[in-house]
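Examination of the molecular architecture
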Amino acid sequence: MVFIFMNIMDLLWVQGTCINAVISFQKHFQAQESDVILATYPKSGTTWLKALTFTIMNRSRFELQNSPLHTTTLHQLVPFLEFDLYLNHQSPNLECFSAPRIFATHVPHALLPGSILNSSCRIVYVCRNPLDQFISEWLFIARTQDKEPSDLAEAFERACNGIQFFGPIWEHALCYWKASIEQPDKIFFLKYEDLKEDIASCINRLADFLGCPLSEEEVTQGVVEEISKLCSFDYIKNLEVTKTGRAYANGVKNSHYLRKGEVGDWKNYLTPSMSERLEKIIEEKLAGSVTKSL
Ligand code: A3P
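Summarised in this report is the structure supplied together with it. Worth saying up front: this structure is predicted, and the values here are computed from it rather than measured.

1. Description of the site of the ligand
For the ligand, the set of nearby residues contains 17 residues, the closest of which are Lys43, Thr46, Thr47, Ser136 and Lys260. At 2.6 Å, a side-chain N or O of Lys43 approaches an oxygen atom of the ligand. One nitrogen or oxygen atom from the side chain of Thr47 is found 2.5 Å from an oxygen atom belonging to the ligand. With the chains in place, 98% of the 560 Å² that the ligand exposes on its own is no longer accessible. Applying the majority rule of atoms within 2 Å of the grid points places the ligand in the largest pocket. Of all the elements, helix H3 (residues 46–58) adds the most residues to the shell around the ligand, at three residues.

Below is the structure:
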């Protein structure tokens, strides 16, 4: 995979040793059998997935109302491997993370360390409609730089050509999707839009996949609804720790990770010809796979 760096954010990451971080992660990370890796393309719902996975997996350790989510940012509870832990370290000390560990990554499937691919650790992938992902990222970059968004047409051209730090979104999603079909016990493939449409079903399926299914008693007690509320956009956005906290190592304000949280916001930014163009590319690239709902 060839990385092509075209926007300021990418350039900053390059200068800021992001490439080295990806390489260090790839070379040195030792997965444990019980690890859960949350894999996403940027701006596809990683933060939401972090909240859901952390809450589902730790629900027997904490009363939901006393969840660490209230006091610690999601990016500290579930750090990014390449952007946080390996950012300036070849071999970060991961001993403070007790098993089962949960980490996040944006690295494409083909670049995952062998210890992740070859161990029985589990991967959860969430993908998102590329039009919404594009707008979310375009606005996110501007917010992190405290600037007006860059030229939309230029940024859109790059997205249509797949010129992005982690490669084209369609290739990213397709590789994880194929792997999830080949290894359904190892990779669980979710869609942001499905989370929005039916969060209860997604929570149940995610809990099953993670090996901690919700008991009938929990269902009767309304635990699914509680998890859903605790991880919801409005709830997390309004937490004090979200308003004041920063991501683990890259210094980005936590509040930047929660903007609008809607499906179809691209309609407020893209012209019909732009959306048709990207939709056509996606349809062609994903033909016969995850296309229909992306
Ligand atoms: P928008 O910019 O469209 O609002 P990531 O976490 O991968 O960086 O993705 C960020 C996107 O997910 C943002 O999309 C953000 O608002 C949305 N998001 C974050 N937490 C969410 C939640 N709990 N529910 C729904 N969407 C959420």
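2. Notes on unusual backbone geometry
Look at the link from Ala99 to Pro100: it is a cis peptide, with omega at -5°. Structurally, Pro100 can be placed in the loop between helix H5 (81–85) and strand E2 (102–105). Despite not being glycine, Lys43 shows a phi value in the positive range, around 65°. Note that Lys43 resides in the loop between strand E1 (36–40) and H3. Judged by its relative accessible area of 13%, Lys43 is buried.

3. Things to note about the packing of aromatic side chains
Applying the stated criterion across every chain yields a total of 16 aromatic pairs. Judged by centre distance (5.7 Å) and plane angle (55°), the ring pair of Phe25 and Phe29 falls under tilted. Grouping residues by exposure puts Phe25 and Phe29 together as buried. The interplanar angle of 90° and the centroid separation of 5.8 Å between the aromatic rings of Phe29 and Phe103 together place this pair among those described as edge-to-face. Placement of Phe29 in the loop between helix H2 (18–28) and E1 and of Phe103 in strand E2 is noted, with a sequence separation of 74 residues between them. In this structure Phe103 comes out as buried when scored by relative accessible area, which is 0%. Of the aromatic side chains, those joined through ring pairs into one cluster are Phe25, Phe29, Tyr86, Phe97 and Phe103. The aromatic ring of Phe140 is capped on one face by Lys43, whose charged end is 3.3 Å from the ring centroid. A cation sits over an aromatic face here: Arg128 above Tyr192, 4.1 Å from the ring centre.

4. Thoughts on the layout of surface pockets
The space that makes up the largest pocket amounts to roughly 710 Å³. Looking at the lining of the largest pocket, the elements that each hand over two or more residues are helix H1 (8–15), H3, helix H7 (130–144), helix H10 (192–197) and helix H14 (233–237). In terms of residues, the lining of the largest pocket owes the most to one element, H7, which gives five residues. Tallied by class, the residues present in the lining of the largest pocket amount to 22 nonpolar, twelve polar and nine charged.

5. Regarding the pattern of salt bridges
Where charged atoms from two side chains of opposite charge come close, those side chains can pair. In this structure the tally under the stated criterion is six salt bridges. In this structure, the salt-bridge partner of Arg277 is Glu157, at a minimum N-O distance of 2.9 Å. Of this pair, Arg277 sits in helix H16 (residues 272–285) while Glu157 sits in helix H8 (residues 152–160), and the two are 120 residues apart along the sequence. According to the relative accessible area criterion, Arg277 is partly exposed, its value standing at 33%. Classification of Glu157 as partly exposed rests on a relative accessible area of 37%. Linking Glu284 and Lys280 is a salt bridge whose minimum nitrogen-to-oxygen distance equals 3.5 Å. Highlighted residues: Glu284 and Lys280, both in helix H16, separated by four residues, approximately one helical turn. You'll find Glu284 and Lys280 in the same group, each marked exposed. One network of salt bridges, with partners in common, ties together Arg259, Lys260 and Asp265.

What counts and how
Residues numbered from 1 in each chain as written. Predicted model: local features only at pLDDT ≥ 70, side-chain atom pairs only at ≥ 80, totals over all residues. Heavy atoms only, no water. Near = heavy atom within 4 Å. Polar contact = N/O pair within 3.5 Å; in protein donor to acceptor, adjacent residues only side chain to side chain. Areas by Shrake-Rupley, 256 points an atom, 1.4 Å probe, with all protein chains shown as cover. 1 Å grid on protein atoms, 1.4 Å probe; cavity = no way out; pocket = protein on both sides within 12 Å on 5 of 7 lines; lining within 4 Å. Sits in = over half its atoms within 2 Å of the grid points. Helix = DSSP H or I, 4+ residues; strand = E, 2+ residues; numbered from the N terminus. Buried < 20%, exposed > 50% of the residue type's maximum accessible area, 1.4 Å probe, protein only. Phe/Tyr/Trp six-rings, centres within 6.5 Å; stacked < 30°, edge-to-face > 60°. Lys NZ or Arg CZ within 6 Å of the ring centre and 35° of its normal. Points joined across faces, edges and corners; volume = space filled by probe spheres on them. Nonpolar A, V, L, I, M, F, W, Y, C, P; charged D, E, K, R; others polar. Salt bridge = Lys/Arg side-chain N within 4 Å of Asp/Glu carboxyl O.

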